[in-house]
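Here is what each chain is made of, one letter per residue.
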Amino acid sequence: MSDALLSVRNLSVDFETYGQVNHVLNGASLDVPERRHIALVGESGSGKTVTMKAIMGLLRHPPATITGGEIVFDGHDLLKATAAERDRLRGTAMSMVFQDPMTSLNPVFTIADQMGTILKYADRRLGRVRNRRERLARVHEVLAQVRMRDPERIARAYPIMLSGGMRQRVLIAMALLSEPRLLIADEPGTALDVTTQAQILKLLKDLVEERGLALLMITHNLGVVRETSSYVYVMHHGRIVEEAETSALFAAPKQAYTKNLIASVPRLTGGTDFLALGQSDPEAEAEAEATT
Amino acid sequence: MEFLLFLIRRVLWSILVLVGLSIVIFVIARVVPGDPARMALGPRATPEMVADLQHKLGLDRPIIEQYGLFIAGLAHGDLGRSLLSERQVTADIRDSFAATFELVLATILLAEIFGVPLGVLASRWKDRWPDNLVRVIAILSAVTPTFFLALLLQILAGYVLHWLPTTGRLSHDIGFTPDITGLAVVDSLLRGRPDVTLDALRHLLLPATALGAATMGQMARLTRTSMLEVMNQDYIEAARAFGVPEWLRVLKYTLRPSFVPPLTILGLEFASMIGNAFVVELIFSWPGMAAYGIRTILQKDLNAVMGVVMVSGVFFVVVNLIIDVLVGFVDPRIRIRGAR
Amino acid sequence: MAEFAGGTDAALAATPKRLSTAYQNWYRFSRNPTAVIGAAIVILCILIAIFAPYITPYPKDVGAVVNFRARHLPPSAMHWFGTDDVGRDILTRIAFGYRVSLLLVAVVLGTAVPFGSILGMLAGYFGGWVEIVIMRLTDIALAIPPLVMALAVAAVLNPSLVNSMLAVAILWWTWHTRLVYSITRQIRTQEFIEAAETLGASKFHIIFREILPNCVSAIAVKTSLDAGFVILVGASLSFLGLGIQPPTPDLGTMVSGGAGFLPDKWWESVLPGCAILFVALGFNLLGDGLRDLYDVQDVR
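*Asks:* Break down the interface of chain B and chain C for me, citing the residues and quoting the values.
*Replies:* On the side of chain C, 47 residues touch chain B, which itself brings 49 residues to the contact. For the pair chain B and chain C, the summed buried area comes to about 4000 Å², and 79% of that belongs to carbon and sulfur atoms. The largest per-residue losses of area from chain B upon contact with chain C belong to B:V143, B:F147 and B:F148, which jointly make up 15% of the total buried on that side. The interface formed by chain B and chain C contains two salt bridges. The partner of C:D288 in a salt bridge is B:R135, and the shortest N-O contact between them spans 3.9 Å. Summed over the shared surface of chain B and chain C, the result is two residue pairs in polar contact (both at pLDDT 80 or more). Of all elements in the fold, only α1 (2-31), α6 (129-143), α7 (146-160), α9 (194-231), α12 (260-283), α13 (289-298) and α14 (302-330) of chain B reach the threshold of two or more residues within the side of chain B that touches chain C. Counting residues per element, the side of chain B that touches chain C draws most heavily on α12(B), which supplies eleven residues. In the side of chain B that touches chain C, the residues fall into 37 nonpolar, seven polar and five charged.

Here it is in structure tokens:
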């Protein structure tokens, strides 16, 4: 997919902590085209968050160092770009939806204030000028896009007055303020209950379809991937071990790791085999014993 | 709307505390010493004189009734008669309270105006020299006894920097009495006498510094700690991700939530500040409640002493109420949830 | 898991073998300069106070001695800190003055800390009426400035060391009650408390064996910081003449006594003042160091 909006090639990142150097990313590559819902899957510690931060330019230099590879967005290699150029892209052409709605909003300011400030500075970077009323109108507009029923009331509220699901929508709205072309969603809805999460995921899926966004979804939840994404990258120890169209991946996983990953998801129907990665199967063993 | 409820709750609470305070003070002054009349009149009083004073003060009535009278008097702002000066205690205190109030107000302003920015600087340049410098200043100001600092400053002013006065609230020959708010600085501006304002400020500087040094140090350290905690929060990182510039992140987004702990502690600190104000007043000959308080204590004028303690207590409660309101204003979580 | 394994194994191998908590704490404590300096100062002052009669050059000067030939002598080889207005050696008096200060700390905190902490735990754990009553009392006590209270007590009873200690101690427990209360409230909702309750542990056990150990570090930090403040309050009281009565040496009284002779005979006032500062600094640094060590954030 060389016409992808975002193309990550052979990215390697090292982290230095307490004198030890960890190779967190080892030549990871992935593509995110427009109008596609791409998933990046892996266990905790596989490097998915680092990948995301690298793309967004949020890695802090100590302790992280990018040791190789390229990140190409819309034809420009971000790693070779100046800080000013990256700043201009961040929050405007490419935007991020944060994971934890409980802690990602500043508790002492209203939604309108926070979103308004973000919009103000995004506008500045794009050279656009809006006055306060126009900004507020845009805030309401975006809140409506994320299916909030009463955007004005939400905008006036403080985060503590909103439920988890509403806050997550606000986070998505924040990301949409400047009409980004690429959206990276970090474990969307993991902090919420299953039903609310489903709504959020549906919202994201609709946004891809309606607005032609390129969406990169970072998650550890295979069930979510199956339901929403069209292409999957499986990450393990900082490299992509398998990638395929979603249906193909689930139907015929090629790598052992992928197979284990899929098999370790609890199933709601069928037998009660319980298999965790790297562990034995006690029931099968017990069965085997009983029959001998 | 929720703000109003919050306010009402805090006010009721304060009233409760004040009632409790009045009981405690009453107990101390009336019940503990045994016989205030005898104490006031001294050992050479005859039984008739004692009985006479007892009757005048209503000490021969049942305790509950005495307390009732006390409260009723309080409600009218009547703190009783001074056992010695025969004047209304209220009148005596009122004159001196304004001076103390002005000093304390100036001190708080000074502590906040210098303490908070120092704390912000320290957090911004963590572990570098500004941080260490602030830390040293804060520790030194916390461990230096207020009276010691006051003495040192007085020497400094008297023998080195001759342009700062060493005693008093206004120069003797200035001929001005603050009669509107009781605050020399404010009233002089209102009456169009900026020369007096300058004079008053010059007189305020040293006592306020001596009194406020320790608090300033604490504010700085608390602000620093709060800022560091807030800086690590996800929402600051999120703001960074969205391109909000650093100066705004620091001055607005990080500073606002950080304001709460220093402010709350200021309220608690205030009690010590009133106590230390007494000492500072004595050293700088400031015409505040301290001089009055010490005199009446030495003379065992119990009504007056009770009055002073009561006024201090009320002052404390009111200041804390104001601070709680400010905190509720700054942090919506507190006014909505009523958390503390 | 090749890369990661190499990383973590190597890191593990580098840590000291004896990982008992006490050893860990000592290790970190001794690496913290503030804590070490603070502890050194405090220990020094305590030793000076205990051995004052044996190490001071003029132990008799603490009594009602008057030595007119040696009045107002500046610091010299004979009298390192000079002499006061009746000829008494200031260094000696400062050393004995430390006795009074440290005694004050011991008595006030020795009563306030246990009393306050227990009240705090009771209020935090039981809630309901217990909580309301205790916390309201605490609020009321907090509203009275300690110095003013001491003044009032001095008016009612007579100025003396004991009465000053009483006045300060009466109000001091409130700070510890508040602190322990807030910690207890936080801990109370945690599951291990529920677990203990379900298993049928007695209230006594829960309070003293489950909740208390979690409060200890915060209490230790606050006590250490408090010691410094108690000394300052005590010094202020005696500066005002409400502390121990002359001729027993007391740092605050020495400062006020010498104040009249400033700035010429500065040593009579300044040196005792510095002595107060020194011991308060020690406790403050110690408390700060302990706070860093235990990483306790909510102790002021």
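*Asks:* Describe a nonpolar patch on the surface, naming the residues involved and giving the relevant values.
*Replies:* Residues and elements named next belong to chain B. Residues L4, I8, V11, L12, I15, V19, I23 and V27 make up a contiguous nonpolar surface patch of roughly 650 Å² in combined accessible area. On the secondary structure map, L4 appears in helix α1. Judged by relative accessible area, L4 falls into the partly exposed class, the value being 48%.

*Asks:* Give me the lowdown on the side chain of A:S104, citing residues and values where you can.
*Replies:* Mapped onto the elements of the fold, A:S104 is located in the loop between β6 (94-97) and α3 (111-126). A relative accessible area of 5% means that A:S104 is categorised as buried. Polar contacts involving the side chain of A:S104 include one to the main-chain carbonyl oxygen of A:D100, which spans 2.8 Å. Setting aside its immediate chain neighbours within four residues, A:S104 contacts A:F98, A:L171, B:D234, B:Y235 and B:A238.

*Asks:* Pulling in residues and values, what's your account of the sheet that holds β6(A)?
*Replies:* All names here are of chain A. Sheet architecture is open: six strands sit in the order β6-β7-β8-β3-β9-β10, paired in mixed fashion. Of all strands in the sheet, those bounded by a partner on one side alone are β6 and β10 (239-245). With direction set aside, neighbouring strand axes in the sheet form an average angle of 20°. Across five bridges, strand β3 (residues 37-41) lies against strand β8 (residues 214-219) in parallel orientation. Its bridge partner lying in β8, A39 is registered against M217. Across the sheet, helix α1 (residues 48-56) touches β3, β6, β7 (182-186), β8 and β9 (231-236), and the angle it forms with β6 is around 145°. Strands in contact with helix α10 (residues 256-263) are β3, β9 and β10; relative to β9, the strand with the most contacts, it is inclined by about 105°.

*Asks:* Could you give an account of the interface of chain A and chain B, naming the residues involved and the relevant values?
*Replies:* Facing 25 residues of chain A, the contacting portion of chain B comprises 24 residues. Together chain A and chain B conceal approximately 2400 Å² of surface at their shared face, both sides included; 64% is due to carbon and sulfur atoms. Our count for the chain A to chain B interface comes out at two salt bridges. Where B:E237 meets A:R60, a salt bridge forms, and the shortest distance between an N and an O atom there is 3.0 Å. Taken together, chain A and chain B are joined by seven residue pairs in polar contact (both at pLDDT 80 or more).

*Asks:* Describe the nonpolar core, naming the residues involved and giving the relevant values.
*Replies:* Among the nonpolar cores identified, the biggest contains 157 residues, and B:F147, B:F270, B:I283, C:W172, C:F239, C:L240 and C:I276 are the most heavily contacted of them. It is helix α10 (residues 203-239) of chain C that contributes the most residues to this core, 16 residues altogether. Counting 84 residues, the second-largest nonpolar core is a separate cluster that includes A:V24, A:V142, A:L203 and A:L207.

*Asks:* Talk me through α12(B); I want residue IDs and the actual numbers.
*Replies:* Residues and elements named next belong to chain B. Between its first and last C-alpha atoms α12 spans 33 Å; for 24 residues at 1.5 Å apiece the expected length is 34 Å, and the two agree. Bending of α12 peaks at approximately 40° at the position of E269. Counting buried residues along α12, 20 of its 24 residues qualify, which places the element largely inside the surrounding structure.

*Asks:* Can you tell me about the sheet that holds strand β5 (residues 76-77) of chain A, naming the residues and giving the values?
*Replies:* Whether parallel or antiparallel, the strands of a sheet pair through hydrogen bonds between backbone atoms. Residues and elements named next belong to chain A. Reading across the sheet, the four strands line up as β2-β1-β4-β5 and stay open at both edges, with antiparallel pairing between neighbours. Because the sheet does not close on itself, it has two edges, and the strands there are β2 (20-32) and β5. Summarising the sheet, strand β1 (residues 6-17) and strand β4 (residues 64-73) pair through eight bridges and their orientation is antiparallel. If you follow R9 over to β4, its bridge partner there is E70. In the packing of α1 onto the sheet, contacts are made with β1, β2 and β4, and the angle to β1 comes to roughly 110°.

*Asks:* How would you sum up the confidence of the model for chain A? Please name residues and give values.
*Replies:* Per-residue pLDDT for chain A averages 83, and the proportion of residues at 70 or more is 91%. Confidence over residues 276-281 of chain A falls short of pLDDT 50; this stretch has nine contacts with residues more than four positions distant or in other chains.

*Asks:* So what's going on with helix α10 (residues 234-241) of chain B? Residues and values would help.
*Replies:* Residue and element names in this part refer to chain B. Burial runs high along α10: six of the eight residues are buried. Y235, I236, A238, A239, R240 and A241 are the residues of α10 that are buried. Of the surrounding secondary structure, the elements contacted by the buried residues of α10 are α9 and α11 (246-258). Following α10 by one or two positions, G243 has its phi on the positive side, about 85°.

*Asks:* Account for the pattern of salt bridges, naming residues and giving values.
*Replies:* Enumeration over the complete set of coordinates arrives at 29 salt bridges over all chains. We note a salt bridge from C:D288 to B:R221, for which the minimum N-O separation is 2.8 Å. You can see C:D288 sitting in helix α12 (residues 267-294) and its partner B:R221 sitting in helix α9, one on each of two chains. Given a relative accessible area of 1%, C:D288 falls into the buried group. By relative accessible area, B:R221 is classed as partly exposed at 23%. Between C:E131 and C:R185 there is a salt bridge, and its shortest N-O distance comes to 3.5 Å. Here C:E131, found in helix α6 (residues 128-142), pairs with C:R185, found in helix α8 (residues 161-188); they are 54 residues apart in sequence, far enough to count as distant. Classification of C:E131 by relative accessible area gives buried; the value is 17%.

Analysis parameters
Residues numbered from 1 in each chain as written. Chains lettered and ligands numbered in written order. Predicted model: local features only at pLDDT ≥ 70, side-chain atom pairs only at ≥ 80, totals over all residues. Heavy atoms only, no water. Contact = heavy atoms within 4.5 Å. Buried area = accessible area lost by both parts, 1.4 Å probe. Salt bridge = Lys/Arg side-chain N within 4 Å of Asp/Glu carboxyl O. Polar contact = N/O pair within 3.5 Å; in protein donor to acceptor, adjacent residues only side chain to side chain. Helix = DSSP H or I, 4+ residues; strand = E, 2+ residues; numbered from the N terminus. Nonpolar A, V, L, I, M, F, W, Y, C, P; charged D, E, K, R; others polar. Patch = residues over 30% accessible without salt bridge, like charges linked within 9 Å, V, L, I, M, F, W, Y side chains within 5 Å. Areas by Shrake-Rupley, 256 points an atom, 1.4 Å probe, with all protein chains shown as cover. Buried < 20%, exposed > 50% of the residue type's maximum accessible area, 1.4 Å probe, protein only. Pairing = 2+ DSSP bridges. Axes fitted to C-alpha atoms, helices over the stretch in contact; angles between N-to-C directions. Core = buried A, V, L, I, M, F, W, Y, C linked by side-chain atoms within 4.5 Å. Expected span 1.5 Å × (residues − 1). Bend = angle between axes of the 7 residues up to and from the residue. pLDDT = per-residue confidence, 0-100.

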